[in-house]
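Okay, here's what each chain looks like letter by letter:
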Protein chains: 2
Amino acid sequence: MRIGDIAHRASVSVKTIRHYERIGILAPAERESNGYRSYEPEVLDRLIFTRSAQAIGLTLGEIREVIAFRERGETPCAHVLDLIEQRASELTERIAELEALRADLNTLTQRGRDLDPTACSPTSICHIIPPTP
Amino acid sequence: MRIGDIAHRASVSVKTIRHYERIGILAPAERESNGYRSYEPEVLDRLIFTRSAQAIGLTLGEIREVIAFRERGETPCAHVLDLIEQRASELTERIAELEALRADLNTLTQRGRDLDPTACSPTSICHIIPPTP
DNA sequence: CTAAACCCTCCCCCGTAGGGGAGAGTCAAG
DNA sequence: CTTGACTCTCCCCTACGGGGGAGGGTTTAG
């Protein structure tokens, strides 16, 4: 299979495939005599896995690590489970931060509706946004 | 006031001040005869505003626009209120996405605990992560 | 007088996941 | 024989908010 074929089948761009090779998600491809990359069908599995893993928020660096387990002949499951739990807990923190921010913004929206724009002095640029302590 | 003084008073770095000048948050500073930047006290207000606006999630580009209203002699309040409401609604969307992702991750965590690692075939790299359709 | 502490400009660097395009080679069909 | 569709490498670019450091000039206190 050539790079264009496999890219099409995996629904990614040719650039993406070459990028994955460069960062170690894919092993350096075999080459045809003309220098073109040549792929075995199982590379497609790896591309599909990569897409799926990205979809649940893993970075390419993490995905590369997971794949490295397989390359070493180990099952990556325990590591994957760690990553997932870790990402979930980071996510919980992140959501809490964003919710706090949203609450602040809602307060400011109300404040902005109550304040009189003509009373806004140039000194503070805009009196809707309160100075951070 | 020199750049180091004002940076210290605003709790930002000297690099930050120069960066703000370059991107138009601050007007080009007056210079002393030796070429050193020289600041009037009101610039400090602008820096404090910038910090406060960043704290509620505005980008430097948006902050620059807000300041531009002031420079044109208009009150930026209406624009600021728009930005805040827009940011709040983006945030609501973003939070929903992250919550959906977290739900997926929790499902996968359970799945990962139930599945047998020794039954994980190399083809799919790791069977905890399901293929995206 | 000298060393520390400022200040200046200029340019490259971080992370993330590739995209854009130059300039060149290759291959199949018409 | 040429045209169009592939492919190759290489290098720069994106957003964001600056940080790091080179290589210089200035100032101020001891």
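Quick caveat: nothing in here was measured; it's all calculated off a predicted structure. (Residues numbered from 1 in each chain as written. Chains lettered and ligands numbered in written order. Predicted model: local features only at pLDDT ≥ 70, side-chain atom pairs only at ≥ 80, totals over all residues. Heavy atoms only, no water.)

Student: Outline the overall build of chain A, listing residues and values.
Tutor: On a plain count of helices and strands, chain A comes out with five helices and two strands. Going from the N terminus to the C terminus, chain A shows its helices and strands as α-α-β-β-α-α-α. Taken over C-alpha atoms, the radius of gyration comes to 24 Å for chain A, far larger than the 14 Å a tight globule of 133 residues would show. Each of the three principal axes of chain A carries a C-alpha extent, and together these read 75 × 35 × 25 Å. For chain A, the proportion of its 133 residues judged to be buried stands at 40%. (Helix = DSSP H or I, 4+ residues; strand = E, 2+ residues; numbered from the N terminus. Rg over C-alpha atoms; globule rule 2.2 N^0.38 Å. Buried < 20%, exposed > 50% of the residue type's maximum accessible area, 1.4 Å probe, protein only.)

Student: Tell me what's going on with the relation of the copies chain A and chain B, and back it up with residues and numbers.
Tutor: After a rotation of 180° and a shift along the axis of 0.0 Å, chain A superposes on chain B with an RMSD of 0.1 Å. In short, the pair behaves as if placed about a two-fold rotation axis. Closest to the rotation axis within chain A is the C-alpha of A:I95, separated from it by 3.2 Å. The residues that chain A uses at the interface reappear at the interface of chain B in 100% of cases, marking a shared surface. (Least-squares fit on C-alpha atoms with pLDDT ≥ 70 in both. Contact = heavy atoms within 4.5 Å.)

Student: Give a detailed account of the protein's contact with DNA strand C, specifying residues and quantitative values.
Tutor: Near DNA strand C lie 19 residues; those nearest to it are A:S13, A:K15, A:Y36, B:G4 and B:R18. A breakdown of the atoms of DNA strand C within 4 Å of the protein gives sugar and phosphate a share of 70%. Here a phosphate oxygen of DNA strand C sits 3.0 Å away from a polar atom, N or O, in the side chain of A:Y20. Note that a base oxygen of DNA strand C is positioned 3.4 Å from one of the side-chain N or O atoms of B:Y36. Contributions of two or more residues to the surface near DNA strand C are made by α2 (14–23) of chain A together with α1 (3–10) and α2 (14–23) of chain B. Here the surface near DNA strand C gets four residues from one element, more than from any other, and that element is α2(A). The class makeup of the residues in the surface near DNA strand C is five nonpolar, eight polar and six charged. (Near = heavy atom within 4 Å. Polar contact = N/O pair within 3.5 Å; in protein donor to acceptor, adjacent residues only side chain to side chain. Nonpolar A, V, L, I, M, F, W, Y, C, P; charged D, E, K, R; others polar.)

Student: So, the environment of A:E85: which residues are in play, and what are the values?
Tutor: Within the secondary structure, A:E85 sits in helix α5 (residues 77–114). The class of A:E85 is partly exposed, set by a relative accessible area of 28%. With 41 residues separating them in the primary sequence, A:E85 and A:L44 have C-alpha atoms 27 Å apart. In contact with A:E85, not counting residues within four places along its chain, are B:T109 and B:R113. There is a polar contact of 2.5 Å between the side chain of A:E85 and the side chain of B:R113.

Student: Go over the protein's contact with DNA strand D, please, and point to the residues and values.
Tutor: Every one of the 19 residues lining DNA strand D counts as a neighbour, but A:G4, A:R18, B:S13, B:K15 and B:Y36 are closest to it. Among all atoms of DNA strand D positioned within 4 Å of the protein, those belonging to sugar or phosphate total 72%. Between DNA strand D and B:Y20 there is a distance of 3.0 Å, counted from a phosphate oxygen to a side-chain nitrogen or oxygen. Measuring from a phosphate oxygen of DNA strand D, one finds a side-chain N or O atom of B:Q54 at 2.9 Å. With four residues, α2(B) is the largest single contributor of residues to the surface near DNA strand D. The residue inventory of the surface near DNA strand D, partitioned by class, reads five nonpolar, eight polar and six charged.

Student: Tell me about helix α3 (residues 42–55) of chain A, and please be specific about residues and values.
Tutor: Note that an α-helix has 3.6 residues per turn; residues three or four places apart therefore point the same way. All names here are of chain A. In this model, α3 (14 residues) spans 20 Å end to end at C-alpha, consistent with the 20 Å of a helix rising 1.5 Å per residue. Here α3 has its buried residues at V43, L44, R46, L47, F49, T50, S52 and A53. Tucked into the core, α3 has its buried residues touching α1 (3–10), α2 and α4 (60–71). Once α3 ends, the next one or two residues include G57, with phi positive near 95°. (Expected span 1.5 Å × (residues − 1).)

Student: Break down the pattern of salt bridges for me, with residues and values.
Tutor: All names here are of chain A. The tally for this structure, following the rule as stated, stands at 20 salt bridges over all chains. A salt bridge links R72 to E74, with the shortest nitrogen-to-oxygen separation between them at 3.1 Å. For E97, the salt bridge identified is with R94, shortest N-O distance 3.0 Å. Remark: R94 and E97 occur in helix α5; sequence separation between them is three residues, near one turn of the helix. Because the salt bridges share partners, they merge into one network encompassing E21, R31 and R37. (Salt bridge = Lys/Arg side-chain N within 4 Å of Asp/Glu carboxyl O.)

Student: Hey, could you go over the domain arrangement of chain A for me, with residue numbers and the actual values?
Tutor: Residue and element names in this part refer to chain A. Per the domain assignment, the segments of chain A are domain 1 (1–44) and domain 2 (58–114). Placing a centre on the C-alpha atoms of domain 1 and another on those of domain 2 gives a separation of 29 Å. Contacts between the two partners involve five residues from domain 1 and, on the opposite side, four residues from domain 2. For the pair domain 1 and domain 2, the summed buried surface comes to about 400 Å²; carbon and sulfur atoms form 71% of the total. (Domains from an automatic or database assignment. Buried area = accessible area lost by both parts, 1.4 Å probe.)

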